[in-house]
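An overview of the molecular structure
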Amino acid sequence: MNLHEYQGKEILASHGVRVQRGIVANNAAEAVAAAKQLTAETGTGWHVIKAQIHAGGRGKGGGVKLAKNLQQVEELAEQIIGMDLITPQTPPTGKRVHKVLIAEDVYYPGESETSEFYMSVLLNRGKGRNMIMYSTEGGMDIEEVAEKTPHLIFTEEIDPAVGLQGFQARRIAFNLGLSGNAFKEMISFVTSLYKAYVESDASLFEINPVLKTSDNKIMAVDAKVVLDDNALYRQKKYADMRDIREENPIEVEAKEVGLNYVDLDGTVGCMVNGAGLAMATMDLIKYAGYEPANFLDVGGTADAKRVETAFRIILKDPNVKAILINIFGGIVRCDRVAQGVVDAYKNMGDSIKVPIIVRLQGTNADIAKELIDNSGMPILSATLFQEAADQVKAALGGSN
């Protein structure tokens, strides 16, 4: 589950991480009130107006602006709220901005120059360990840093048995070239950041930039936070932070009815049971020369109602030109799935206007194939992977 910047900062601050302070606003009037309150609390004279969407690169798209007075706060908030912000991480049409964060100016003059760093905490899946990735090149796209100056990216792997150790936090501060109070602040920052990551059941904390202020404080100026959906049952206070306006509406609908659905860019819809089979099915589609339009896992049951619901969700994507149903009958019998497919097809009438290819393998697969073939419905059946691929190719006439 993705969070907005202001929500991520709330989690960080609750675990002792110093953050750039701010107040969220839903309209220009609230933005001005927030700016006044922020000035009273922090003494800041300028304010940063930051669009709140689930995407990076907001500054490049015009979603982050500096206001030097209250009139500019109002004007910029009116300009940003309601805009369709386009960044390298949004769809081509952009994402609608519903709220802004009014933040304090932290690039004030002082005894030393400010410095920007990159830092993230995430899981190294290859080694089964959390790791902290960091760089002196903050404020830039980490992909660009990795491509042009990979030697400037450091990683620190955390042994899950003992957690983050003091010497590791000190090594991070040292590698970032810090000394004095900034060195001590960075040790505290890293320790608290890792604690926030673990205790919130996050899958990603990305801070870009981490700022060393002119008076040698270390703080998070931005916060990209992704929480593990599978752990939300024990993080109920964070579950309420979900903003479904930022999510694909078809994926939201699928989740509400208990289907695992991920929207993709291809033309062949996939209906499967089990994540592993879903991945294999997408490979099968690509092997046939096409691209999957979605990942849809119906789970351990595939009765008529569930299949019909899956059909309706897949067909909401106008790019779908065919649907491949690939079910392994282990827990669920293939003949029951086949009957469910036939019944769902009958219930939906003429609303299905694309070819349906059904591959059923496992318990009662032979009976299932007979049910499909004798149904009188325009449904193509297959029993082998290659046969299913050939059916997809034939159904689409070689056009992808």
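By the naming in an unreviewed UniProt entry, the chain is Succinate--CoA ligase [ADP-forming] subunit beta, taken from Flavobacterium cyanobacteriorum. Taken directly from UniProt, the Sequence similarities (unreviewed entry) text for the chain runs: "Belongs to the succinate/malate CoA ligase beta subunit family." Database annotation for the chain, UniProt heading Pathway (unreviewed entry): "Carbohydrate metabolism; tricarboxylic acid cycle; succinate from succinyl-CoA (ligase route): step 1/1."

What to know about the domain arrangement of the chain
By domain assignment, the chain separates into domain 1 (1-19 + 109-246), domain 2 (21-105) and domain 3 (249-398). The C-alpha-based centres of domain 2 and domain 3 are spaced at 44 Å.

Things to note about the pattern of salt bridges
Per the counting criterion, the structure on display carries 23 salt bridges. Ionic pairing is found between Lys127 and Glu157, a salt bridge with its closest N-O pair at 3.2 Å. Highlighted residues: Lys127 in the loop between β7 (115-124) and β8 (129-135) and Glu157 in strand β9 (residues 153-158), separated in sequence by 30 residues. The closest approach of N and O atoms between Asp229 and Lys255, which form a salt bridge, is 3.7 Å. Of the two residues, Asp229 sits in the loop between β12 (224-227) and α7 (236-239) while Lys255 sits in helix α8 (residues 249-256), which places them 26 residues apart along the sequence. Classification of Asp229 as partly exposed rests on a relative accessible area of 38%. Taken together, the shared-partner salt bridges connect Glu5, Lys9, Lys50, Arg58 and Asp222 into one network.

Overview of the nonpolar core
Counting 38 residues, the largest nonpolar core has Leu12, Met119, Ile132, Met186, Phe189 and Phe205 as its most contacted members. Where this core is concerned, the elements lending two or more residues are α1 (5-14), β7, β8, α5 (166-175), α6 (180-199), β10 (202-212), β11 (218-220) and β12. Examining the composition of this core, we find that eight residues originate from one element, α6, more than from any other. Beyond its immediate chain neighbours, meaning those up to four positions away, Phe205 contacts Gly8, Ile11, Leu12, Met119, Ser120, Val121, Leu193, Ala196, Tyr197, Ser200, Lys224 and Val225.

Some words on the packing of aromatic side chains
Overall, the coordinates contain three aromatic pairs when judged by the stated rule. Ring plane angle 20° and centroid distance 5.3 Å describe the contact between Tyr134 and Phe154, whose orientation is recorded as stacked. Of this pair, Tyr134 sits in strand β8 while Phe154 sits in strand β9; the two residues are 20 residues apart in sequence, bridging distant segments of the chain. In this structure Tyr134 comes out as buried when scored by relative accessible area, which is 1%. Ring centres of Tyr197 and Phe205 lie 6.4 Å apart, and the angle between their planes is 70°; on these two criteria the pair is classed as edge-to-face. Ring-pair connections join several aromatic residues into one group, and the members of that group are Tyr194, Tyr197 and Phe205.

Overview of α5
Since the α-helix packs 3.6 residues into each turn, any two residues three or four apart lie on the same face. The set of residues buried in α5 consists of Gln168, Ala169, Ile172 and Ala173. For α5, the angular spread of buried residues about the axis comes to 140°, placing them on one side. Of the surrounding secondary structure, the elements contacted by the buried residues of α5 are β7, β8, β9 and α6. Immediately downstream of α5, the backbone of Gly177 shows phi near 75°, a positive value.

Conventions adopted
- Residues numbered from 1 in each chain as written.
- Predicted model: local features only at pLDDT ≥ 70, side-chain atom pairs only at ≥ 80, totals over all residues.
- Heavy atoms only, no water.
- UniProt positions renumbered as here; feature names shortened; annotations may be inferred.
- Domains from an automatic or database assignment.
- Salt bridge = Lys/Arg side-chain N within 4 Å of Asp/Glu carboxyl O.
- Helix = DSSP H or I, 4+ residues; strand = E, 2+ residues; numbered from the N terminus.
- Buried < 20%, exposed > 50% of the residue type's maximum accessible area, 1.4 Å probe, protein only.
- Core = buried A, V, L, I, M, F, W, Y, C linked by side-chain atoms within 4.5 Å.
- Contact = heavy atoms within 4.5 Å.
- Phe/Tyr/Trp six-rings, centres within 6.5 Å; stacked < 30°, edge-to-face > 60°.
- Arc of directions from axis to C-beta.

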